[in-house]
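Each chain, written out:
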Amino acid sequence: MTLALTGHGIADGIAIGRAHVAERSEAEIGEYRIDEQEVGKEIERFREAIAEASDQLESLGGQLGPESGTTASEIISTHVMMLHDAAFNQAIEARIGEELCNAEWALQVQLEHILSEFRHIEDSYIRSRGEDVAQVVRLVQHKLSEKTSPVELDDIPDRLADTLVVASDLTPGELATLHQRGVAGIITEHGSAYSHTAIMAGSLNIPAVLGVRLARELLQEGETLVMDGRLGLVYANPNKSLLAHYNDAQRRSARHRKALESIRELPAATLDGQKVSLQANAERSDELRAAVENGAESVGLYRTEFLFLGSDVPDEEEQFAAYSEALEILDGRTLTIRTLDLGADKSLESQSPVNTPKVANPALGLRAVRLCLRDTEMFKTQLRAVLRTSALGPVRCLIPMLTSVHEIRMVRALLDEARQELQQRGMNYDPNMPVGGMIEVPAAALAAADLARHLDFMSVGTNDLLQYALAADRVDEQVAHLYDPQHPGVIQLLQFVVNAATLRQIPLAVCGELAGDRRYVRLLLALGIREFSMHANRLLEIKQMVNQTHADRARTVLDQWRDGHAEAYDLDLLKLIEDSQQAP
Ligand code: PEP
Ligand code: MG
């Protein structure tokens, strides 16, 4: 009988093969007391374990070939850096000395403490960084318990072609080993779509389904598995027709990947000759590199919240270093730096050095530019860093969550002050650095023609615009069905913004998730959007869609739909647009 299990699908791919259920020789983490005289020896034992763990990871990182992508080796390097984190290591050593306990236990207690902090973080990407800390701690505990196998998993065969490994979870180091041995796919019981295991599997192109509950109990050693990384499904013992379907799908997916590769160097333009600019959203350096590799014309959204995750507000030098490194990676392409967008879904709570007040309705509260206009010194520090970066290459400054012209005036006044302060210090900046605004608030969309008078460019943040327009929280699954980009109200708002940008003759992009979702590309083209900014891994697919679209036909359908939309409300606009493309 076929058994179907679900989890988080990663890396889109399909894998078919035999199951290898991997066991981990779990080290029991027990507490034992040590004498005061033994503290020095215990700390030495801890340091040796750190060094061994670090050597192991570095050698695995070194063995990853160039085809593995920068992300995989960067994740390994991140784990090596975490092993050498001075604050973390000092905390462990202090705990050994104060509590007179063994190093394994000190690590365990410190880990629980850190994980409880991470659990409060709303941003799921940042929250999942807790999984990295746990993996690194487990590696050191493993070294302390004197297990010497090259990977923590027992009995992994040397060759894993046509094998899907089923494990409790996998560290990036273990994943690197499995990759070297040619694993066909991985299934884990733990791990989220945002975990480094997930990101690394994506970078190494290993089809994966993570977070499959009880996978090791339900899947049997040696049985045939089919894994659908796109849908997050695992089938055990597939029947003939399912197997035939997936064999076929695997062939089609290989063809699709080849087709995308073949358009990597082509420009993006519709069939009726409308040129389209494809840009990337990024914050980490691996994402910036991926943007360049996948042909992004520029970076349309560089999020800066990651700099504010530590225990201190980053100073001007730290920010300048991060922005100039990003600019350097882009090698002449424009970097659009979005100023700090903390608050609501990006709240950092207990970790945050920036004080965001606790309120009943954070999404409607002091977030993004509103927060920056309260903490003006913090904001000016960021503006100076952005301005200094503009002296090194093409930089634009993007202000999130604008509501009114008054806010733009205040931002511009602070920018003037920041320029004067740099002048006094004799520092360079681009006096013409473009300043743009994100249109995310419905009132701002309706008043876009007014706002646009004071802006050099605009970018629609559809993630937030939709949540505010439809009164449907973007992270609340219970109202996800209301979060509808095809809602006539949303379409009207978008049209307002496009018309405003045309009237004021300023560039306009869409940088919300909608821009990287192939289902909506033709609708956005119909509305007149010609700049799309998205995650780098979507660029080729969206280019393929753009290059296969008649924008004028899509526009005609949209106009007809809009003219009669009271009666046509129930008609599926996307389907009408699709149908218009089929005619010869
Ligand atoms: C948006 O709201 O669409 C957007 C791009 O910004 P973020 O997702 O960072 O809020
Ligand atoms: Mg937003």
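Computed from a predicted model, the values in this text were never measured in an experiment.

Thresholds applied
Residues numbered from 1 in each chain as written. Chains lettered and ligands numbered in written order. Predicted model: local features only at pLDDT ≥ 70, side-chain atom pairs only at ≥ 80, totals over all residues. Heavy atoms only, no water. Helix = DSSP H or I, 4+ residues; strand = E, 2+ residues; numbered from the N terminus. Rg over C-alpha atoms; globule rule 2.2 N^0.38 Å. Buried < 20%, exposed > 50% of the residue type's maximum accessible area, 1.4 Å probe, protein only. Contact = heavy atoms within 4.5 Å. Areas by Shrake-Rupley, 256 points an atom, 1.4 Å probe, with all protein chains shown as cover. Lys, Arg positive; Asp, Glu negative; His and termini not counted. Charge placed at Lys NZ, Arg CZ, Asp CG, Glu CD. Donors = N, O, S within 2.8 Å, 3.2 Å for Na, K, Ca; no water. Expected span 1.5 Å × (residues − 1). Axes fitted to C-alpha atoms, helices over the stretch in contact; angles between N-to-C directions. Parallel < 35°, antiparallel > 145°, perpendicular 65-115°, else oblique. Nonpolar A, V, L, I, M, F, W, Y, C, P; charged D, E, K, R; others polar. Patch = residues over 30% accessible without salt bridge, like charges linked within 9 Å, V, L, I, M, F, W, Y side chains within 5 Å. Salt bridge = Lys/Arg side-chain N within 4 Å of Asp/Glu carboxyl O. Core = buried A, V, L, I, M, F, W, Y, C linked by side-chain atoms within 4.5 Å.

A. Local environment of the overall build of the chain. Each helix and strand counted, the chain has 24 helices and 16 strands in total. The C-alpha radius of gyration computed for the chain amounts to 26 Å, which stays within 12% of the reference 25 Å derived for 584 residues, consistent with globular compactness. Each principal axis of the C-alpha distribution contributes one length, and for the chain these read about 75 × 70 × 45 Å. Going through the 584 residues of the chain one by one, you find that 53% of them count as buried. When contacts within the chain are restricted to residue pairs at least 6 apart in sequence, those whose partners lie at least 24 apart make up 71%. With an accessible surface of roughly 26,100 Å², the chain has 50% of that area assigned to carbon and sulfur atoms. Both charge centroids of the chain, one from 57 positive and one from 88 negative side chains, sit 7 Å from each other.

B. Examining the environment of Pro 394 more closely. Mapping Pro 394 onto the fold places it in the loop between α14 (376–390) and β12 (395–399). Relative accessible area serves as the criterion here: at 33%, Pro 394 is assigned to the partly exposed category. Along the backbone, Pro 394 and Arg 257 are 137 residues apart, and their C-alpha atoms lie at a distance of 33 Å. Dropping the residues within four chain positions of it, Pro 394 is found in contact with Leu 327, Gly 332, Arg 333, Thr 334 and Leu 335.

C. Just the coordination of the magnesium ion (ligand 2), in detail. The coordination sphere of the magnesium ion (ligand 2), as far as protein atoms go, consists of Glu 440 (OE) and Asp 464 (OD), spread over 2.0 to 2.1 Å. Residue Glu 440 is found in the loop between β13 (435–439) and α16 (442–446), and its partner Asp 464 is found in helix α18 (residues 462–469); the two are separated by 24 residues along the sequence. For the pair Glu 440 and Asp 464, a shared accessibility class is recorded, and that class is buried.

D. Looking closely at helix α1 (residues 39–63). With 25 residues, α1 should cover 36 Å at 1.5 Å per step; its first-to-last C-alpha distance of 37 Å lies within 8% of that length. Listed in full, the buried residues belonging to α1 are Val 39, Glu 42, Ile 43, Phe 46, Ala 49, Ile 50, Ala 53, Ser 54, Gln 56, Leu 57, Leu 60 and Gly 61.

E. Main features of the packing of helix α19 (residues 488–504) against helix α20 (residues 518–527). The interhelical angle for the contact between α19 and α20, taken along N-to-C directions, is 45°, at an axis separation of 10 Å. In terms of orientation, α19 and α20 fall into the oblique class. Residue-level inspection shows Ile 491, Leu 494, Gln 495 and Val 498 of α19 in contact with α20, the latter providing Leu 523, Leu 524 and Leu 527. Taken together, the residues that form the contact of α19 with α20 break down as six nonpolar, one polar and no charged.

F. Highlighting a negative patch on the surface. A surface patch of like charges, here negative, comprises Glu 44, Glu 48, Glu 52, Asp 55 and Glu 58. In this structure, Glu 48 sits in helix α1.

G. Expanded view of the environment of Ala 49. Among the secondary structure elements, Ala 49 is positioned in helix α1. Residue class for Ala 49 comes out buried when judged on its relative accessible area of 4%. For the pair Ala 49 and Glu 513, spaced 464 residues apart in the sequence, the C-alpha separation amounts to 43 Å. Once you skip the residues sitting within four places of it in the chain, Ala 49 turns out to touch Val 140, Lys 143 and Leu 144.

H. Just the pattern of salt bridges, in detail. One pass over the structure, following the stated rule, counts 35 salt bridges. Put simply, Arg 216 and Glu 189 hold a salt bridge, and the shortest N to O gap is 3.4 Å. Residue Arg 216 is found in helix α9 (residues 215–218), and its partner Glu 189 is found in the loop between β5 (185–188) and α8 (196–203); the two are separated by 27 residues along the sequence. A residue is classified by how much of its surface remains accessible, and Arg 216, at 27% relative accessible area, is partly exposed. Residue class for Glu 189 comes out buried when judged on its relative accessible area of 14%. For Arg 555, the salt bridge is made with Asp 559, and the minimal N-O distance between the two is 3.5 Å. In this pair, Arg 555 and Asp 559 are both assigned in helix α22 (residues 551–563), four residues apart and thus about one turn of the helix distant. What emerges from the salt-bridge pattern is a single network uniting Glu 316, Glu 317, Glu 377, Lys 380, Arg 384, Arg 388, Glu 417, Glu 421 and Arg 425.

I. Spatial organisation of the nonpolar core. In this structure, Tyr 302, Met 458, Leu 523 and Phe 532 are the most contacted members of the largest nonpolar core, which totals 99 residues. For this core, the leading source of residues is α19, giving eight residues. Aside from chain neighbours lying at most four places away, what touches Met 458 is Gly 437, Ile 439, Ala 448, Ala 452, Val 497, Ala 500, Ala 501, Ile 506, Pro 507, Leu 508 and Ala 509. Core analysis: the next-biggest nonpolar cluster, separate from the first, contains 51 residues, Phe 88, Val 136, Ala 176 and Ile 199 among them.

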